[in-house]
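Chain residues, written in single-letter form:
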Amino acid sequence: MPIIAPSFLASNFLRLEEECNMVNNSEAEWFHLDVMDGRFVPNISFGLPVIEHIRKATTKICDVHLMIEEPGKYAADFRKAGADNLCVHIEACPNLHRNIQQIKELGMKAGVALNPHTPVHLLVDILHEIDLVNLMSVNPGFGGQKFIPYTLEKIKQVRRMIDERGLNVHIEIDGGVTFDNAASIVAAGADVLVAGSTVFNSKDPVGAIAKLKSL
Ligand code: DX5
Ligand code: ZN
């Protein structure tokens, strides 16, 4: 069964504590927290102070997805704020290996995210160093977009790369995950489903999480 990571971008920020408690009382294992800088992506979301508060409201894994330029400048701050997983974008990191080492030295799990147009073969020389691949199944920046079907091919390719090398790396799918496509995403080889709108726009978010897990 996949790990479910509700994306708080779609949560009600006015009721953040209730939203945290809802996820705490659900079958979701991870809190997916999307940080945007208005430069790497054309949107600004939330940052360190919000994550610090969310950290106090849960003991579950805080999976921080940085959609920002120069993530290395802030890695230590995100660790202090409570991140367990820190995921940087390959497109934002000319010195990716250094960023990965830094994240691991700070005591976090290291993730690498790929935009929809970025070929998965760019991972070949870094896959053995990381804990998580985030395959973006929409263009990053906004919740509520439509899943790009070609992502399924990318999932299969990354699954093969991981298995051929005997590695233990999560494949996380981020964007447009719904009840209709979750099963095919998992069948292709993903083991972490990020879901924003599907969870938080539901009348029964705890039930939506359980359903995503069991599909
Ligand atoms: C998009 C973010 C996603 C987003 C997913 O840039 O990285 O995590 O919140 O939202 P949905 O599930 O609504 O597509
Ligand atoms: Zn995300």
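Below is a short write-up of the structure.

Each value, and the rule that gives it
Along every chain, residues carry numbers that run from 1 in the direction the sequence is written. To read the labels, note that chains go from A and ligands from 1, taken in the order they are written. It should be noted that, the model being predicted, local features are given only for residues of pLDDT at least 70 and side-chain atom pairs only at 80 or more, the latter also being counted only at that level, while totals for whole chains, interfaces and linings use all residues. Hydrogen atoms and water are omitted, and side-chain values are computed over all heavy atoms in the structure. Secondary structure elements follow DSSP: runs of H or I no shorter than four residues count as helices, runs of E no shorter than two count as strands, and numbering proceeds from the N terminus. When we talk radius of gyration, it's over C-alpha atoms, and the globule rule is simply 2.2 Å times the number of residues to the 0.38. Areas reported as accessible are Shrake-Rupley estimates using a 1.4 Å probe. Residue values count occlusion only from the protein chains shown. The charge count includes Lys and Arg as positive and Asp and Glu as negative, but it does not include His or the ends of the chains. Throughout, a charge is located at the NZ atom of Lys, the CZ atom of Arg, the CG atom of Asp or the CD atom of Glu. We call a residue near a molecule or strand as soon as one heavy atom of that residue lies within 4 Å of the molecule or strand. Distance and chemistry together define a polar contact, namely a pair of N or O atoms within 3.5 Å, with one atom able to donate a hydrogen and the other to accept it when in protein, and with adjacent residues in sequence counting only for side-chain atoms on both sides. Here's how the labels work: a residue is buried when its accessible area is under 20% of the maximum for its type, exposed when over 50%, partly exposed in between, all with a 1.4 Å probe on protein chains only. The directions from the helix axis to the C-beta atoms are what the arc is built from. By the convention used here, residues are in contact when the closest approach between their heavy atoms is within 4.5 Å. To qualify as a nonpolar core, a set must consist of buried Ala, Val, Leu, Ile, Met, Phe, Trp, Tyr and Cys residues joined through side-chain atoms within 4.5 Å.

A few words now on the overall build of the chain. Tallying secondary structure elements over the chain gives eight helices and eight strands in all. For 215 residues, the compact-globule estimate of 2.2 N^0.38 gives 17 Å, and the chain sits close to it at 16 Å. Dimensions along the principal axes, computed over C-alpha positions, put the chain at roughly 45 × 35 × 30 Å. When the accessible surface of the chain is totalled, it reaches about 9,700 Å², and 52% of it is carbon and sulfur. Between the averaged position of the 20 positive side-chain charges in the chain and that of its 26 negative side-chain charges there is a distance of 1 Å.

Among the 20 residues in the neighbourhood of ligand 1, the closest are listed as Ser7, Asp34, Asp174, Gly196 and Ser197. Here an oxygen atom of ligand 1 and a side-chain polar atom of Ser7 are 2.7 Å apart. Between His32 and ligand 1, the recorded distance is 3.4 Å, taken from a side-chain N or O atom to an oxygen atom. Notes on ligand 1: free accessible area 380 Å², of which the protein chains cover 99%. Those elements giving two or more residues to the shell around ligand 1 turn out to be strand 2 (30-36), strand 3 (61-67) and strand 8 (192-195). No other element matches the three residues that strand 2 contributes to the shell around ligand 1.

For helix 8 (residues 205-214), the complete set of buried residues consists of Pro205, Ala208, Ile209, Leu212 and Lys213. Down the axis, helix 8 shows its buried residues gathered within 135 degrees of arc, on one side only. The inward-facing, buried residues of helix 8 contact strand 1 (3-6), helix 1 (16-24), helix 6 (182-188), strand 8 and helix 7 (197-200).

Our next topic: the nonpolar core. In this structure, Leu33, Val64, Leu86, Leu123, Leu135 and Ile173 are the most contacted members of the largest nonpolar core, which totals 58 residues. If sequence neighbours within four positions are ignored, Ile173 has contacts with Leu135, Ser137, Phe147, Thr151, Ile155, Ile185, Ala190, Val192, Leu193 and Val194. In terms of nonpolar packing, the next biggest core, distinct from the first, is built from eight residues, Ile3, Trp30, Leu132 and Val192 among them.

Among the residues of helix 4 (residues 96-105), Leu96, Asn99, Ile100 and Ile103 are the ones counted as buried. Down the axis of helix 4, the buried set is contained in an arc of 100 degrees. They therefore lie on one face. More than 90 degrees from the buried face of helix 4, the exposed residues found are Arg98 and Glu105. Among the structural elements, strand 4 (85-89) and strand 5 (109-114) are those in contact with the buried residues of helix 4.

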